[in-house]
Each structure stands twice: as C-alpha cells, then as structure tokens.
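Coordinate inspection notes
The residues making up each chain are set out below.
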Amino acid sequence: MSTLDHDPTHSPAPPGVAPPHAPPPASGSTRDPLVIAGRAFGSRLLLGTGGFQSLEAMADAIRVSGSELVTVALRRVDPAARGSIMDVIVNAGVDVLPNTAGCYTARDAITTAQLAREAFETNWVKLEVIGDDRTLLPDAPELLDAAERLVDDGFVVLPYTTDDPILARRLEDVGCAAVMPLGSPIGSGMGINNPYNIAIIRERTDLPVILDAGIGTASEAAFAMELGCDAVLCASAISRAHDPNAMARAIRGAVEAGRLARSAGRIPRRLHAEASTPDAGMPDFGRGDG
Amino acid sequence: MTSIRLNGEQRELTAGATVVAAVALLDVTPDTRGVAVAVDREVVPRGSWDATVLAEGAEVEVVMAIQGG
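Residues numbered from 1 in each chain as written. Chains lettered and ligands numbered in written order. Predicted model: local features only at pLDDT ≥ 70, side-chain atom pairs only at ≥ 80, totals over all residues.

What follows deals with the overall build of chain B. The number of helices and strands found in chain B is 1 helix and 5 strands. Along chain B, helices (α) and strands (β) appear in the sequence β-β-α-β-β-β when read from the amino end. Relative to the compact-globule value of 11 Å for 69 residues, chain B shows a C-alpha radius of gyration of 12 Å, a close match. Projected onto its principal axes, the C-alpha coordinates of chain B cover approximately 40 × 25 × 20 Å. For chain B, the proportion of its 69 residues judged to be buried stands at 36%. (Helix = DSSP H or I, 4+ residues; strand = E, 2+ residues; numbered from the N terminus. Rg over C-alpha atoms; globule rule 2.2 N^0.38 Å. Buried ≥ 20, exposed ≤ 12 C-beta atoms within 10 Å, placed from the backbone.)

Here is the structure:
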C-alpha cells in the first residue's frame, strides 16, 4: 500500500460538489453559485467587517474581495456614528448578514437576532453564542438551543460552530441553513487546526459548509475549499493585514483556486515516489570508462 | 416624571412618554434607518414606537450596526 490513508483533501466529492473529472466550474461566476437557503451568490468569500481602520478601508475591501455577503454587529446607538456603515454596505450593493457577536447565552443571542431583523429587515443571522472571552469558542448547548428557537421564529440561521461533526449534524437537524465551523479561534490566524474534522463535517452534511474563523492567509482559505467547504468567511485576515486590499485580492483568488482544485480531484498522497516519466524506451548507455 | 434606563443610563421622561421620546434623546427618530429598539427585552417594531408608553423603570436598548464579525 503506497498511498497514505486519511487524506482529508481526497475524500469523495459530496453532494453539491462536482466529482473528480467533471468539467471544472467557473468559480466566482454565477455558473457555480453558492446557494444558501435558496439564495444564490456568485462569490464564495464572505467578508466580516470587523477590524478595518476606517469605513473607507472597509468599502475598498468589500469591492476588491468581490464578496456579496458581509457581516455586521449590533451595538448601542452612538449618535455621532449612526448609519454610516449601513450606508457603505447599501452603496456597495451587497447583502448584510447580522451577527450576534458578544452574546454568551441563547437568550441574549435571540434578542439580538430579533433586533437585527427589525433594524436591517433581514431574517438572516450569523448566530454566535460564545463560552468565554479568552477563547471565543462556541458554547455548544446554548448555540443549539438558540438555533432551534430562531429557526422556529422564522430565521435563516447560519451558526458559528466548533469543528465537531456531531454538533454540525445537530445544527442541521434543527433546521439551520448552513454550518460555519471554525478552523481555529476567532482572530487567531492559526489556520485550520483539524482538517480531518472539517472533512468529516463536509462528508456528513448536505448543508453549505462555510469555514468561519482562524484563516490567517490565502493558502489557508484555499485549503478550506480543497477540504470541500462551500465558502470561507474572513474578517481579521483581511482587515488586519498590513495591506487589506492586497490580502482581499489574494484570498479571493485562493477561494476560487481551492474550489477549482477540489472539483479537479487531486492525486492521492504516496509515501514513495511515482515517476511521471515512463521507464520504457530508456536507452542503455553501457559501461563507459569514465 | 418617569425614570427609565436608556442604553444603560438613567434618564427622566415626562409621565406617559413613549419610545419616540426616549429615542429622541439619542437623536433617533422613527425615520432613522438601521436602528432597533427593545424595551425590557422585547423588540418594539418602529411602527409601534409612538404607541408604546414607557413604564417606570423600563429598560430601553437602542441599537445600530457597527463593524463586526
């Protein structure tokens, strides 16, 4: 046995992903749309708006990233700042995905989602219920409880979740529209700590899988897509890069490249070499003196 | 007078004041886009602001979008 088992990037293509050898999709175009709850997006890169130095920088990054769905958070009204971020998003022509960042309980997350629905006239919510402020890791029981109640209240729920495949299944069971597993903790830039779990989540759910946290640079976004994720959400990786626009462009290309590579069907990993040049016809040079 | 907490701060309103009077303290009107109000954790749709009288001790939260996530 010369191939290495358990290559997470080489699992059979799940439903919704073209099998190996199928014609490559034209990623980033409407011919290979990302479909969430019946809504189609040409871009597979979601942009988190946190961390940009200014609204101008955020507007530039939205444009360069090609993202069509961007997150916002809700906080108490600051009369000096009111409205401006929504003006930028409306002018950019992209859809808004409100989040429940900062909520520690299902109860607070539900109220926040209901406020977001009223403020932005959307029933979509990126559901975040975190367990503590040091790890910002999801609180699984609270998350599942909030997801179920928000689905029952008519929300399109996109939960930020751990890389636990069982929790992803439970979130699917209660009616979520996608799952958004973390690669590593929010803002850590550690990439994808457990690619095997991401691959298992991909394998076990029919929902869109959106890699949500931990991406630090373009190669990690490409890796997420090669693992079979349907999309990637980046915030800090772009907003806190030295040159956010350059990184937005890089990650946009990486998401498209990773999508294409996934559908292309990569070769298996092997422990030993396998020549790509045939031995047949190899000349015999005999025994020379030198 | 009616005492309420508005975004965490103690504020005084005339008796019988509605949500409209409270949010006005934050320069918000029913025409302001992208804001939402909860009173004692219940979302009050903007169409009901002028009909919602605030009780003594009401907790009023007025929120808007910020960069995040």
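Here the narrative resumes.
On to the interface of chain B and chain A, then. Facing 22 residues of chain B, the contacting portion of chain A comprises 27 residues. Looking at the side of chain B that touches chain A, the elements with two or more residues in it are β3 (35-39) and β5 (59-67) of chain B. Residue contributions to the side of chain B that touches chain A peak at 7 residues, all from β5(B). Partitioning the side of chain B that touches chain A into residue classes produces 12 nonpolar, 6 polar and 4 charged. Looking at chain direction, strand β4 (residues 69-76) of chain A and β5(B) are connected through 5 bridges and run antiparallel. Bridge assignment links A:L74 to a residue of β5(B), and that residue is B:A65. (Contact = placed C-beta atoms within 7 Å. Nonpolar A, V, L, I, M, F, W, Y, C, P; charged D, E, K, R; others polar. Pairing = 2+ DSSP bridges.)

Another aspect to go through is the nonpolar core. Soluble globular proteins tend to pack their nonpolar side chains together in the buried interior. Residue and element names in this part refer to chain A. Ranked by size, the top nonpolar core spans 106 residues in total, and within it L127, A221, V232, C234 and I251 carry the most contacts. Broken down by element, the residue count for this core peaks at 8 residues, all from helix α3 (residues 106-120). If near-sequence neighbours (up to four positions away) are discounted, V232 is found in contact with R44, L45, I210, L211, I215, A221, A224, M225 and V255. (Core = buried A, V, L, I, M, F, W, Y, C linked by C-beta atoms within 7 Å.)

We now examine the sheet that holds strand β7 (residues 156-161) of chain A. Residue and element names in this part refer to chain A. Spatial strand order, β6-β7-β8: 3 strands in an open sheet with parallel pairing. One side of each edge strand has no neighbouring strand; the edge strands of this open sheet are β6 (124-127) and β8 (180-181). Sheet analysis places β7 next to β8, joined by 2 bridges and oriented parallel. The partner of T161 across the bridge, within β8, is P181.

What follows concerns the confidence of the model for chain A. Per-residue pLDDT for chain A has a mean of 90; in total, 89% of the residues score no lower than 70. Contacts from residues 13-29 of chain A, a stretch scored under 50 in pLDDT, to residues over four places away or in other chains number 33 contacts. (pLDDT = per-residue confidence, 0-100.)

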